[in-house]
Amino acid sequence: MFNLKEIFSVTLILFSVIDILGSIPIVINLRKKVGHIQSGKATIAAGILMILFLFFGESILKLFGIGVDDFAIAGALIIFAIGAEMILGIELFKPDPEASTTSASIVPIAFPLIAGAGTLTTILTLKAEYTQVNIAVGMIINLGIVYAVLKSTNWLERKLGKTGLDVLRRIFGIILLSIAIKIFKGALFTGEIG
């Protein structure tokens, strides 16, 4: 049932992948462009996407004849790329330039910033190692953090400063690289994730 160690691990992994602190500059830039971002609406939309993928992601994969181990390896590669982005300060995944002209609360904040390919891939990858209930609790904790950060981006920008945000981003990038290597080795060499 509930396992605090699993919940903590899932929360930390999802927090690293979602990288809401690293996304503060993007959110601030969008606020300047569109005026206001509905934090609650963005959080709820991202949560719905994440929950749907948690419960129906495997069924979707089966339609395409893809196994969880195959998806885990693909997910590990995406997580590795996101970690590399965070550490090296490069942009591998380019956002859609037209997305910011639509409702900024859903696109690009909820999707793909919060519940993007990396997050959804990670959720399905986590199912190979953790129970669904612990993943769901970790997701809810992260959605709470996301909501709080979206509500206080201006305050956080002033308090952390550019250097503080850069340091946090790189620390979580290293954690993601380690997680990606662990998942990749587990799926490729032992046939087991974890």
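Each value, and the rule that gives it
Residues numbered from 1 in each chain as written. Predicted model: local features only at pLDDT ≥ 70, side-chain atom pairs only at ≥ 80, totals over all residues. Heavy atoms only, no water. Helix = DSSP H or I, 4+ residues; strand = E, 2+ residues; numbered from the N terminus. Buried < 20%, exposed > 50% of the residue type's maximum accessible area, 1.4 Å probe, protein only. Contact = heavy atoms within 4.5 Å. Areas by Shrake-Rupley, 256 points an atom, 1.4 Å probe, with all protein chains shown as cover. Salt bridge = Lys/Arg side-chain N within 4 Å of Asp/Glu carboxyl O. Axes fitted to C-alpha atoms, helices over the stretch in contact; angles between N-to-C directions. Parallel < 35°, antiparallel > 145°, perpendicular 65-115°, else oblique. Left-handed = near helix turned anticlockwise from the far one by under 90°. Nonpolar A, V, L, I, M, F, W, Y, C, P; charged D, E, K, R; others polar. Expected span 1.5 Å × (residues − 1). Polar contact = N/O pair within 3.5 Å; in protein donor to acceptor, adjacent residues only side chain to side chain. Core = buried A, V, L, I, M, F, W, Y, C linked by side-chain atoms within 4.5 Å.

Some words on the overall build of the protein chain
Here's step 1: Helix and strand counts for the protein chain stand at eight helices and zero strands.
Here's step 2: From first element to last, N terminus to C terminus, the protein chain shows the α and β order α-α-α-α-α-α-α-α.
Here's step 3: When the 194 residues of the protein chain are sorted by exposure, 44% land in the buried category.
Here's step 4: For the protein chain, long-range pairs separated by at least 24 residues make up 87% of all intrachain contacts whose partners lie at least 6 apart in sequence.
Here's step 5: About 10100 Å² of surface is accessible on the protein chain, with carbon and sulfur atoms providing 68% of the total.

Notes on the pattern of salt bridges
Here's step 1: According to the stated counting rule, one finds two salt bridges in the structure shown.
Here's step 2: The shortest N-O distance in the salt bridge between Glu58 and Lys127 comes to 3.1 Å. Placement of Glu58 in helix 3 (residues 39-63) and of Lys127 in the loop between helix 6 (117-126) and helix 7 (132-151) is noted, with a sequence separation of 69 residues between them.
Here's step 3: Taking the relative accessible area as the measure of exposure, Glu58 reaches 29% and is therefore partly exposed.
Here's step 4: Lys182 is the salt-bridge partner of Glu129, the closest N and O atoms lying 3.3 Å from each other. Pair noted here: Glu129 is in the loop between helix 6 and helix 7 and Lys182 is in helix 8 (residues 153-190), with a separation of 53 residues, a long-range link.
Here's step 5: By relative accessible area, which is 41% here, Lys182 ends up partly exposed.

Side note on the packing of helix 3 against helix 7
Here's step 1: Interaxial distance between helix 3 and helix 7 falls to 9 Å at its minimum, and their mutual angle equals 160°. It follows from the interaxial angle that helix 3 and helix 7 lie roughly antiparallel. By crossing handedness, the relation of helix 3 to helix 7 is classed as right-handed. In this structure, helix 3 uses Ser39, Gly40, Ala42, Thr43, Ala46, Gly47, Met50, Ile51, Leu54 and Phe55 to contact helix 7, whose residues at the interface are Gln132, Ile135, Ala136, Met139, Leu143, Val146, Tyr147, Leu150 and Lys151.

Here's the deal with the packing of helix 3 against helix 5 (residues 105-114)
Here's step 1: Taken N-terminus to C-terminus, the directions of helix 3 and helix 5 make an angle of 45°; their axes are 9 Å apart at the nearest point. When the interaxial angle is binned, helix 3 and helix 5 end up oblique. At the point where helix 3 passes helix 5, the crossing takes the right-handed sense. Between helix 3 and helix 5, the residues in contact are Lys41, Ala42, Ala45, Ala46 and Leu49 and Ser105, Ile106, Ile109, Ala110, Phe111 and Ile114, respectively.
Here's step 2: Of the residues belonging to the contact of helix 3 with helix 5, the class tally is nine nonpolar, one polar and one charged.

A word on the side chain of Thr122
Here's step 1: Tracing the backbone through its elements, the reader meets Thr122 in helix 6.
Here's step 2: Non-local contacts of Thr122, meaning those with residues more than four positions away in its chain, are made with Ile13, Leu14, Val17 and Ile79.

A short note on helix 1 (residues 4-18)
Here's step 1: Along its 15 residues, helix 1 runs 21 Å from first to last C-alpha, staying within 8% of the 21 Å computed at 1.5 Å per residue.
Here's step 2: One side-chain oxygen at the N-terminal end of helix 1 lies 2.9 Å from the backbone nitrogen of Lys5; it belongs to Asn3.
Here's step 3: Where helix 1 terminates, the next one or two residues include Asp19, which has phi positive at roughly 50°.

Let's talk about the nonpolar core
Nonpolar side chains tend to gather and get buried jointly when the protein is soluble and globular.
Here's step 1: Of all hydrophobic cores here, the largest spans 49 residues; its most connected members are Ile20, Met50, Ile109, Ile114, Ile135 and Leu150.
Here's step 2: Looking at which element gives the most residues to this core, the answer is helix 8, with eight residues.

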